[in-house]
Amino acid sequence: MFKENDLVKIKPQWLERDESPDLIYLVVGEENDYGAVKIFPAWDTGLRFPPINTVKAECLTLFT
């Protein structure tokens, strides 16, 4: 179960074709009852408002 401020990575099998496996995301809020969690890029994207994405928790792993 993921909680707010956890650092996570997307599991390799869930990455987009050109997406780096080294990208780290910050969990925003708690995991909901449906097993989904909101993540935010933990690096400077260059965007004024970087995206917050909702993903299934099964797609993520804790960054250690």
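This is a predicted model, so every value here is computed, not measured.

(A) A look at the sheet that holds strand β2 (residues 25-28). Ordered by their spatial adjacency, 5 strands build an open sheet running β4-β3-β2-β1-β5, and the pairing between neighbours is antiparallel. Every other strand in the sheet has two partners, leaving β4 (53-56) and β5 (60-62) as the edge strands with one partner each. On average, adjacent strands in this sheet sit at an angle of 50° to one another, irrespective of strand direction. Direction of pairing for strand β1 (residues 7-10) relative to β2: antiparallel, over a ladder of 2 bridges. Residue pairing in the sheet places L7 in a bridge with L26 of β2.

Each value, and the rule that gives it
- Residues numbered from 1 in each chain as written.
- Predicted model: local features only at pLDDT ≥ 70, side-chain atom pairs only at ≥ 80, totals over all residues.
- Heavy atoms only, no water.
- Pairing = 2+ DSSP bridges.
- Helix = DSSP H or I, 4+ residues; strand = E, 2+ residues; numbered from the N terminus.
- Axes fitted to C-alpha atoms, helices over the stretch in contact; angles between N-to-C directions.

Purely geometric stuff here, so don't read any function into it on its own.
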